[in-house]
Amino acid sequence: MIMTNNFVFEADLATKKIYMSREFNAPIEKVWRAFTEAELLDKWVGPKPYKVVTKIMEFTIGGIWLYAMVGPDGPKGWSRAEFTAIENGSYFSSINMFSDENGGTVDGAPRSITETKFSSIDGSITKVEVVKAFTDEATIKMFVELGFKEGTIAGYQQLDELLSHTD
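The residue count restarts for each chain, going from 1 along the sequence in the order it is written. At least 70 in pLDDT is required for a residue's local features to be given in this predicted model, at least 80 for side-chain atom pairs to be given and counted, and no such filter applies to totals for whole chains, interfaces and linings, which use all residues. Values shown for side chains rest on all heavy atoms present in the structure; no hydrogens or waters enter the calculation.

Points about the pairing of strand β1 (residues 8-12)
- Here β1 runs beside strand β2 (residues 17-24); their pairing, made up of 5 bridges, is antiparallel. If you follow Phe9 over to β2, its bridge partner there is Met20.
- Pairing between strands is defined by DSSP: at least two bridges between the two strands are required. Secondary structure elements follow DSSP: runs of H or I no shorter than four residues count as helices, runs of E no shorter than two count as strands, and numbering proceeds from the N terminus. Between β1 and β2, which follow one another and run antiparallel, lie 4 residues, and Lys16 among them has a positive phi close to 60°.

Re the nonpolar core
- Note on terminology: a nonpolar core comprises buried Ala, Val, Leu, Ile, Met, Phe, Trp, Tyr and Cys residues joined through side-chain atoms within 4.5 Å. Buried, partly exposed and exposed residues are distinguished by accessible area as a fraction of the type maximum, computed with a 1.4 Å probe on protein chains only: under 20%, between the cut-offs, and over 50%, respectively. Counting 30 residues, the largest nonpolar core has Val31, Phe35, Trp44, Trp65, Phe118 and Leu159 as its most contacted members.
- Counting residues per element, the ones that place at least two in this core are β2, α1 (28-36), α2 (38-44), β4 (64-71), β5 (74-87), β8 (125-134), α3 (137-145) and α4 (148-165).
- In terms of residues, this core owes the most to one element, α1, which gives 5 residues.
- Note on contacts: a residue pair is in contact if any heavy atoms of the two residues lie within 4.5 Å. Setting aside residues up to four positions removed in sequence, Phe35 forms contacts with Leu41, Trp44, Phe92, Thr116, Phe118, Val128, Tyr156 and Leu159.

A short note on the environment of Asp42
- If you trace the backbone, Asp42 turns up in helix α2.
- Spatially, the C-alpha atoms of Asp42 and Ala68 are 9.9 Å apart, while their sequence positions differ by 26 residues.
- Sequence-distant contacts of Asp42, that is, excluding residues within four places in its chain, are made with Val52, Val53 and Thr54.
- Here the side chain of Asp42 touches Thr54 through a polar contact of 2.6 Å, side chain to side chain. Here a polar contact means two N or O atoms within 3.5 Å. Within protein one must be a hydrogen donor candidate and the other an acceptor candidate, and residues neighboring in sequence count only if both atoms are side-chain atoms.

Shown next, in the form of structure tokens:
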């Protein structure tokens, strides 16, 4: 089987948005679970040697995903995503921000709105499209300069590996 991922990453500073799309060689149900279940997210989000550790996952509208990015020297920072819309199996959106370890928001911290859409291609390939909209130009520049694209590529490669070994 030929493996392609058709990865697209476009940062548009003028509109303060990052658009990403990627195909995965797995059915939509499997990819959806990998994006919405803490025990699976923890296995692929974050480029090595970093990893994500989930403290709270309430995948409901108004619920939160509270997680830490953990490196070899310990936690590097906490983030939270508050879910604002969920269409089971096809779409979810969230407001994302840095937080403290209890999910409290950090005053003045940048926020982004993330929309994640899933679509099936021939039943065996899933296309994931993500749009991150930032509140200001400085924040999108920070994400681009700190290697968000490279981190996303690494995470998606780890997700490929996970999808090939899970039911």
